[in-house]
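The chain contents come next:
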Amino acid sequence: MTTDEQTIARELTERVTALLEQNDTSNPTQFLGARFDAGLAWVHFARGRGGLGLPQSFQAQVDAQLEAAGAPAPAKGRNGIGLGMAAPTIAAFGTDEQQRNYLRPIFTSEHIWCQLFSEPGAGSDLAAVSTRAVRDGDNWIVNGQKVWTSGAQNAQRAILVARTDPGVPKHAGLTYFLCDMSDPGVDVRPLRQITGEAEFNEVFLTDVRIPDADRLGDEGQGWRVATATLNNERVAIGGSAAARESGMIGPVAAAWRERPELRDPAMHDELLRLWVEAEVARLTGERLRQQLAAGQPGPEGSGLKLAFAQLAQTISGFDIELHGEAGLRYDDWTMRRPDKVDFTGREPGYRYLRAKGNSIEGGTSEILRNVIAERVLGLPPEHRVDKDIAWKDLPR
């Protein structure tokens, strides 16, 4: 660590100590607001926007000191889309007014966010979205349907991609908006999953009015902004900070240790292989976070998200086999709309069924393989016949 880095580290320690001494940690919203105001929310963000303009690598020091003190942490489980996707996108592309209005309530989770991207006819091919936004003075009028919207039933705000110009190729005619979910034209309906729960929703937008002040980025630049959001999402899903044996491998390893009657030599060999793969993925994620400390995430996060999905599905399948007949039991099919996603909770049957969605949500594994091939490995892209055709002229 250089002399300058040592100085920054010392000053950050003093800032965190002062934050803890001057604020009540028993009130999470109040404490997180004070943390934001002190520039300790995201230290790499600009001053006055929850940060101090420092290298992102110093965030781990702040988080560790606050965690050791037992201070409340941001509600990543409830507001993962706001914290992991909306906030960095608004910080990168938002106006001063947008950053002032939205970043602090995202960090305190006074505003829960959802993502209005996918549509029934535009899932893996996000650029094919048909939801229309039409300019009306200082507002945009939005009509369309979105699907697979996690947490929409709890959200106050949403990040939204809509088509503003159907007369140009599909990637060029998109614009990115910040949508108020309390608008009377927003209709949220639950989608029940194979687990019995309804984490996801379909959202119908009927004459939803969005002020032009809530347009994020330039008109027609929605694809560029959305790509940045998706890169952040894939890092958040596949490359979040994790302790050893966190994630799907944790309950499996615990069951192996605590219930010797389940063991046999062949399964022991398979468990060790899966444990090593999970640890390699965890360490790869840690390396990626260190590489990203100085800038925006790139397509490398797609590799981690792909690995996360594959591992979760393989390990949850092993989990079922390890528990034998008991692994086929299911405790409760009650239709619930949970506040947060629980990938590893409940019994093996739930974990197995929930993992099936991992290769779809946050970008399908097939699309992620294309991203890795073209943007990481530099392989020739697939031939696209629709690249130069106006969206309105494409067959649908």
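Please refer to the structure higher up on the page.
Residues numbered from 1 in each chain as written. Predicted model: local features only at pLDDT ≥ 70, side-chain atom pairs only at ≥ 80, totals over all residues. Heavy atoms only, no water.

(A) Main features of the packing of helix α2 (residues 28-37) against helix α5 (residues 96-107). The geometry of α2 relative to α5 is characterised by a closest axis approach of 8 Å and an angle of 130° between their N-to-C directions. On the basis of the axis angle, α2 is oblique to α5. The two elements α2 and α5 meet at a crossing, and its hand is right-handed. Counting all contacts with α2, which are made through Leu32, Gly33, Ala34, Arg35, Phe36 and Asp37, the residues of α5 involved are Leu103, Arg104 and Phe107. In terms of residue class, the contact of α2 with α5 is made up of five nonpolar, one polar and three charged. (Axes fitted to C-alpha atoms, helices over the stretch in contact; angles between N-to-C directions. Helix = DSSP H or I, 4+ residues; strand = E, 2+ residues; numbered from the N terminus. Parallel < 35°, antiparallel > 145°, perpendicular 65-115°, else oblique. Left-handed = near helix turned anticlockwise from the far one by under 90°. Contact = heavy atoms within 4.5 Å. Nonpolar A, V, L, I, M, F, W, Y, C, P; charged D, E, K, R; others polar.)

(B) Structural context of the state of the cysteines. What the rule picks out here adds up to zero disulfides. Free of any disulfide, Cys179 has its nearest cysteine sulfur in Cys114, 7.7 Å distant. Residue classification places Cys179 among the buried positions, given a relative accessible area of 0%. (Disulfide = S-S within 2.5 Å. Buried < 20%, exposed > 50% of the residue type's maximum accessible area, 1.4 Å probe, protein only.)

(C) Layout of the packing of aromatic side chains. Overall, the coordinates contain ten aromatic pairs when judged by the stated rule. Measuring from centroid to centroid gives 5.7 Å for Tyr102 and Trp113, while their planes differ by 90°, and the two rings are edge-to-face. Within this pair, whereas Tyr102 is found in helix α5, its partner Trp113 is found in strand β1 (residues 113-116), the two being separated by eleven residues in sequence. The burial state of Tyr102 is the same as that of Trp113; both residues are buried. Centroid distance Phe308 to Phe343: 5.7 Å. Interplanar angle 70°. Geometry classified as edge-to-face. Highlighted residues: Phe308 in helix α9 (residues 300-323) and Phe343 in the loop between α9 and α10 (348-355), separated in sequence by 35 residues. Residue Phe308 is classed as partly exposed on the basis of its relative accessible area, which comes to 23%. Ring-pair connections join several aromatic residues into one group, and the members of that group are Phe36, Trp42, Phe45 and Phe107. When the ring centre of Phe204 is taken as reference, the NZ or CZ atom of Arg189 above it lies at 4.1 Å. (Phe/Tyr/Trp six-rings, centres within 6.5 Å; stacked < 30°, edge-to-face > 60°. Lys NZ or Arg CZ within 6 Å of the ring centre and 35° of its normal.)

(D) Structural context of the pairing of strand β4 (residues 157-163). Most of β4 sits inside the fold, with seven of its seven residues counted as buried. Across the two faces of β4 the burial is the same, with Arg157, Ile159, Val161 and Arg163 and Ala158, Leu160 and Ala162 all buried. Of the pairings in the sheet, the one linking β1 to β4 comprises four bridges and is parallel in character. Across the sheet, residue Leu116 finds its bridge partner in β4, namely Leu160. Direction of pairing for β4 relative to strand β5 (residues 174-180): antiparallel, over a ladder of seven bridges. The residue bridging Leu160 from the neighbouring strand is Phe177, located in β5. (Pairing = 2+ DSSP bridges.)

(E) Looking closely at the environment of Ala152. Looking at the element boundaries, Ala152 is found in the loop between β3 (139-147) and β4. For Ala152, a relative accessible area of 4% translates into the label buried. Remark: the alpha-carbon pair of Ala152 and Cys114, spanning 38 residues in sequence, is separated by 5.5 Å. Among all residues touching Ala152, those that are not within four sequence positions of it are Cys114, Met181, Val188, Asn201 and Val203.

(F) Layout of the nonpolar core. Residues Trp42, Ile90, Trp113, Ile159 and Tyr176 are the most contacted members of the largest nonpolar core, which totals 31 residues. For this core, the secondary-structure elements that each account for two or more residues are α2, α4 (76-93), α5, β4, β5 and α6 (222-238). Per-element tally for this core: the top contributor is α4, with six residues. Apart from residues lying up to four places away in sequence, Ile159 is in contact with Ile81, Met85, Ala86, Trp113, Cys114, Gln115, Leu116, Phe117, Tyr176, Phe177, Leu178 and Thr229. Judged by nonpolar contacts, the second largest core, of 18 residues, contains Ala152, Ala155, Phe177 and Cys179. (Core = buried A, V, L, I, M, F, W, Y, C linked by side-chain atoms within 4.5 Å.)

(G) How the structure looks around the environment of Ala254. Examined against the element boundaries, Ala254 turns out to sit in helix α7 (residues 249-258). Measuring from C-alpha to C-alpha, the distance between Ala254 and Gly317 comes to 16 Å, with 63 residues separating the pair along the chain.

(H) Representation of unusual backbone geometry within the structure. The phi torsion at Ser109 lies on the positive side, around 60°, for a residue other than glycine. Looking at the element boundaries, Ser109 is found in the loop between α5 and β1. Positive phi, normally seen in glycine, also occurs at Asp207, with a value near 50°.

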